[in-house]
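Structural characterization, general
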Amino acid sequence: MSYGQTSMNTMNTRAKFKSMYILNFTKYTEWPAAYKQGDFVIGVVNDDDLAKNLEAISKTKKINSQNLIVKRFASADQVTKCHLIYIAGKSAGEVEPYAEKSRQFNCLIVTEGNGMINGIAAINFVVVGAQLKYEMNKALFKSQDLIVSNTLENLATKVIN
Amino acid sequence: MKRLVIIAVVLFMMIPGGLRAQLDPVSLALRAYQNKDLPKARELIEIAVGDDNFNGITKTWYFRGYIYKDLFKESKDVKIKKESFGYREDAIESYMKAVALEPQGELVEDCFNSLKYLSSTLYNDAAFALDSNNFTTAQELFDRYKEIIAMTNPDMDMTPRTIEFNLYKASKYSQLFDNPREGYDKEEMGQQVIAVYKKVLNLDSNNISANYNMAIHFYNQGVNIIENMDYEQDFETLFMIQAQVMDLFGAALPYMKKAYKLNPYRKETLVGLSGIYYGLNDIETSERYQQELKKLDSNQ
């Protein structure tokens, strides 16, 4: 009898969860009037799997009635106007150049890493009891002219005002 | 066959002349058997076993065993398995009866050899039954196989065979769980996968295949849930699904860790551990196993 071996599904599980979080962030954030027309742009830095997920979504879904466009940035110089940018990076030094460029726009900056919520990102992914959650910095929403709903605030594990 | 003919001739000679002259049904059955007329041999041997003058005689059951064994051999390639299986069962019962009548008799060894052959066909048919997802029949055939081995070879350790059978059974359940088919309930298939691997692990907790496959079964369930998630899910649903998925990844972890402990140099296990830890959002540990994998690759 040949019983073989069960194949492992190699999907990137975190990328799917992150993309779902990101879509929910857009539901509970309001951008200035000028950003409510044209395409809805999400920028992705250093996370191909997340970009692929978002690109797949962009084929069928709209965000706030706007077409979703995903842009991948390989350097801070490439960063252009985005509604939201996800910057993957292990250190503040790695993330900050992209964040700095993004601040030129009314862009919601999302990261994942210790300390990123202190002055770099408005939303930072954190792991709580093996689950992916998020913390938020309200001041950084405000500085980007973004209005955040109470729902997003209430579900955050930590809120910095 | 040659051995049977010799034994048959000897036994035939032992039958008192008067009785032989009456052409008793056993002798007639033997004659029909030698003439390769199996239907006639069967008819006559059934007359013999229904006759109190013959049904207490060892050779009656011994010959009956041979007749049904040959009927089984002739019919085993046809599609009507039920008929073929019935002949085999009649052969088994006959040999067992022959042994029971004369446990120390000269025919015992020959009966056991035939029973061993029949048991091997039971084992093979159990595997064929699993091939076609006929789980109940497979289990019945395997149980019968074990009964015969317990009689003919009582010292044989059946654990390896039982593990082999159950690993194959679990892999078939797993296939039906991953690729649902009409007539098979996905949930039940999933429960069976776990139950059968647990059975194997109860027999041998160090079985690497059972540990690895059990882990993958839990892990893949979690991944399947994520794959099928709608991007429109709200936060509440997202949190709920995430908790459910983490439970599954958490259930996979101890089995994969055990597989790793049993063989730390197995690539699949390192990939599995890295994937599970990644799913559990423990990136540091996930990367540690990735490094081990890279090291292993570079050493090969």
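Residues numbered from 1 in each chain as written. Chains lettered and ligands numbered in written order. Predicted model: local features only at pLDDT ≥ 70, side-chain atom pairs only at ≥ 80, totals over all residues. Heavy atoms only, no water.

A separate point is the overall build of chain B. Each helix and strand counted, chain B has 14 helices and zero strands in total. Helices (α) and strands (β) of chain B occur, in sequence order from the N terminus, as α-α-α-α-α-α-α-α-α-α-α-α-α-α. The globule rule puts the C-alpha radius of gyration for 300 residues at 19 Å, and the 28 Å found for chain B is more than 25% above it. Over its C-alpha atoms, taken along the principal directions, chain B stretches across nearly 95 × 40 × 30 Å. Per-residue burial over chain B gives 49% buried out of 300 residues. Contacts in chain B between residues far apart in sequence, at least 24 positions, make up 59% of those at least 6 positions apart. (Helix = DSSP H or I, 4+ residues; strand = E, 2+ residues; numbered from the N terminus. Rg over C-alpha atoms; globule rule 2.2 N^0.38 Å. Buried < 20%, exposed > 50% of the residue type's maximum accessible area, 1.4 Å probe, protein only. Contact = heavy atoms within 4.5 Å.)

Turning next to the packing of helix 1 (residues 13-27) of chain A against helix 11 (residues 208-227) of chain B. Closest axis-to-axis distance for the helix 1 of chain A/helix 11 of chain B pair is 10 Å, and the angle between their directions is 30°. Comparing the axis directions of helix 1 of chain A and helix 11 of chain B gives the class roughly parallel. For helix 1 of chain A against helix 11 of chain B, the interelement crossing comes out left-handed. Together, A:Thr13, A:Lys16 and A:Phe17 of helix 1 of chain A and B:Tyr219, B:Val223, B:Ile226 and B:Glu227 of helix 11 of chain B make up the contact between the two elements. (Axes fitted to C-alpha atoms, helices over the stretch in contact; angles between N-to-C directions. Parallel < 35°, antiparallel > 145°, perpendicular 65-115°, else oblique. Left-handed = near helix turned anticlockwise from the far one by under 90°.)

Residue and element names in this part refer to chain A. One pass over the full model with this rule turns up 19 salt bridges over all chains. Note that Asp-48 is salt-bridged to Arg-72, the shortest N-O span being 3.2 Å. Of the two residues, Asp-48 is situated in helix 2 (residues 48-58) and Arg-72 in strand 4 (residues 66-72); the sequence distance between them amounts to 24 residues. When salt bridges that share partners are traced, they join Arg-14, Lys-18, Asp-47 and Glu-112 into one network. (Salt bridge = Lys/Arg side-chain N within 4 Å of Asp/Glu carboxyl O.)

Counting 147 residues, the largest nonpolar core has A:Phe25 and A:Leu108 as its most contacted members. No other element matches the 14 residues that helix 12 (residues 235-262) of chain B contributes to this core. With residues near it in sequence (within four places) discarded, A:Phe25 still touches A:Leu84, A:Leu108, A:Val110, A:Ile123, A:Phe125, A:Tyr134, A:Leu152 and B:Phe235. (Core = buried A, V, L, I, M, F, W, Y, C linked by side-chain atoms within 4.5 Å.)

Between chain A and chain B, the contact holds 35 residues from the first and 47 residues from the second. Interface of chain A and chain B: buried area, both sides summed, is about 3700 Å²; carbon and sulfur atoms make up 63% of it. At the junction of chain A with chain B, the criterion picks out three salt bridges. In this structure, the salt-bridge partner of A:Lys61 is B:Glu232, at a minimum N-O distance of 3.6 Å. Across the contact surface, chain A and chain B share 14 residue pairs in polar contact (both at pLDDT 80 or more). Ranked by residues supplied to the side of chain A that touches chain B, first place goes to helix 1 of chain A with 11 residues. Broken down by class, the residue content of the side of chain A that touches chain B amounts to 17 nonpolar, 12 polar and six charged. (Buried area = accessible area lost by both parts, 1.4 Å probe. Polar contact = N/O pair within 3.5 Å; in protein donor to acceptor, adjacent residues only side chain to side chain. Nonpolar A, V, L, I, M, F, W, Y, C, P; charged D, E, K, R; others polar.)

On to the packing of aromatic side chains, then. Counted according to the given criterion, the structure contains 26 aromatic pairs over all chains. Ring centres 6.2 Å apart and planes at 45° place the aromatic pair A:Tyr21 and B:Phe239 in the tilted group. A residue pair is termed interchain when its members come from two chains, as with A:Tyr21 in helix 1 and B:Phe239 in helix 12. The exposure class assigned to A:Tyr21 is buried, which follows from its relative accessible area of 0%. Assessed through its relative accessible area of 17%, B:Phe239 is described here as buried. Both rings, one in B:Phe218 and one in B:Tyr255, keep their centres 6.2 Å apart while their planes meet at 25°; by these two values the pair is stacked. In this pair, B:Phe218 is assigned in helix 11 and B:Tyr255 in helix 12, connecting sequence segments 37 residues apart. Per residue, the accessibility class of B:Phe218 equals that of B:Tyr255, and both read buried. Through a chain of ring-to-ring contacts, the aromatic side chains of A:Tyr21, A:Phe25, A:Tyr28, A:Tyr86, A:Phe125, A:Tyr134, B:Phe235 and B:Phe239 assemble into a single cluster. (Phe/Tyr/Trp six-rings, centres within 6.5 Å; stacked < 30°, edge-to-face > 60°.)

Time to look at helix 14 (residues 283-299) of chain B. All names here are of chain B. Between its terminal C-alpha atoms helix 14 stretches 24 Å, which fits the 24 Å expected from 17 residues at 1.5 Å a residue. Listing the buried residues of helix 14 in full gives Thr-285, Ser-286, Tyr-289, Leu-293 and Leu-296. Seen from one end, helix 14 has its buried residues packed into an arc of 105°, which puts them on one side. Seen from the buried face of helix 14, the exposed residues on the opposite side, beyond 90 degrees, are Glu-284, Lys-294, Lys-295, Ser-298 and Asn-299. Residues of helix 14 that are buried in the fold lie against helix 12 and helix 13 (267-279). (Expected span 1.5 Å × (residues − 1). Arc of directions from axis to C-beta.)

The next subject is the confidence of the model for chain B. Per-residue pLDDT for chain B has a mean of 91; in total, 91% of the residues score no lower than 70. Quick note on the complex model: pTM equals 0.86, ipTM equals 0.89. (pLDDT = per-residue confidence, 0-100.)

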